[in-house]
Each structure stands twice: as structure tokens, then as C-alpha cells.
Amino acid sequence: MGYDAAKKVKGRKIHALVDTEGLPMRVVVHSAAMQDRDGAALVLDRIRRRFPWLELVWADSAYNAVQVDAAVAKQPDLRIEIVKRCDDVKGFVVLPRRWVVERTFSWFGRNRRLAKDYERLPETGETFLYMAMSRILIKRLAKALNA
């Protein structure tokens, strides 16, 4: 467990690398005390072995840091594009490409076990995230086969 002073939240953070449909490619759960820019290195670690065709990663402005640039530089032929919010807009605005990962987080929240942080270890929470997405994918596959 950790405390994120910026968001005034204690617990854990979830970093997710998702494809364009919102299906997770890699998920990392860690203490809330770790900054987003440091968590990006955990997500991008070993991503090239799993997904050699990956060329572009969209991210929000929390990942606009030197640490993230260094993590991307370690991955050959990978570039990161920051989706920035306009300064003159007030309140909530749907950002292009950012809503895809937000939708994924809402899918996670539909699961009873993931709605609250019950797990003692971050690795257990990460496992339940993958189990939740497996369940969603199986339901989609069954729906496609029955159609």
C-alpha cells in the first residue's frame, strides 16, 4: 500500500497498455506511492519480446517525463505520443485515444473482486485483472460464435 499525495489516494495504481480496442496487452499493479512516470518503465519492460510489431504508444500527459523517454529509448522502433488536453477547456473533456484505456478500466470495475482493492499483494491484483479480461474475451467469443 502507498499514498499518492497528488490525488490524495492511498492504495495501488494500475498501469495498462491496451490495444486500439481496449484489450490489455500488459498490466502492472504497484503501490500508489510510485509516480506514473516511473510506472511506465514497468509497463514497457519486456514489451518488445511479446509484441514485436508495436510501433506507437499513446499516453496521457502524466507520462510526459524524462523517465518515460528513457524507457521508450530502450525499446527499438517504439515511439510515444502524448495526448494533451487543451489549456482553455474547463471540466471533463473526452480526449482522443485516451477514452480507450478509460473504458478498459471501467470494464475492470464491473468485476466485484476488482471494484475495491481487497488483495494483499499487487501480483494478486494483477492476476485478477487478467482473469477479468479473460472472462470478457470468452463472453465476446461465445457471442460471436452464436451469432
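To be clear, the structure that these remarks concern was listed above.
Residues numbered from 1 in each chain as written. Predicted model: local features only at pLDDT ≥ 70, side-chain atom pairs only at ≥ 80, totals over all residues. Heavy atoms only, no water.

Caption draft 1: Inspection of the packing of aromatic side chains at higher detail. What the rule picks out here adds up to two aromatic pairs. Measuring from ring centre to ring centre gives 5.5 Å for F51 and W53, while their planes differ by 85 degrees; the resulting arrangement is edge-to-face. Taking the relative accessible area as the measure of exposure, F51 reaches 15% and is therefore buried. (Phe/Tyr/Trp six-rings, centres within 6.5 Å; stacked < 30°, edge-to-face > 60°. Buried < 20%, exposed > 50% of the residue type's maximum accessible area, 1.4 Å probe, protein only.)

Caption draft 2: Seen up close, the pattern of salt bridges. Taken as a whole and assessed by the stated rule, the structure comprises two salt bridges. With its nearest N and O atoms 3.2 Å apart, the salt bridge here joins D36 to K13. Of this pair, D36 sits in helix α1 (residues 36-44) while K13 is found in strand β2 (residues 9-18), placing the two residues 23 residues apart along the sequence. Classification of K13 by relative accessible area gives buried; the value is 10%. Between R79 and E81 there is a salt bridge, with its nearest N and O atoms 4.0 Å apart. (Salt bridge = Lys/Arg side-chain N within 4 Å of Asp/Glu carboxyl O. Helix = DSSP H or I, 4+ residues; strand = E, 2+ residues; numbered from the N terminus.)

Caption draft 3: Structural detail: unusual backbone geometry. Not every positive phi belongs to a glycine, and D77 is a case in point at roughly 60 degrees. With respect to the helices, strands and loops of the structure, D77 is situated in the loop between α3 (66-73) and β5 (79-82).

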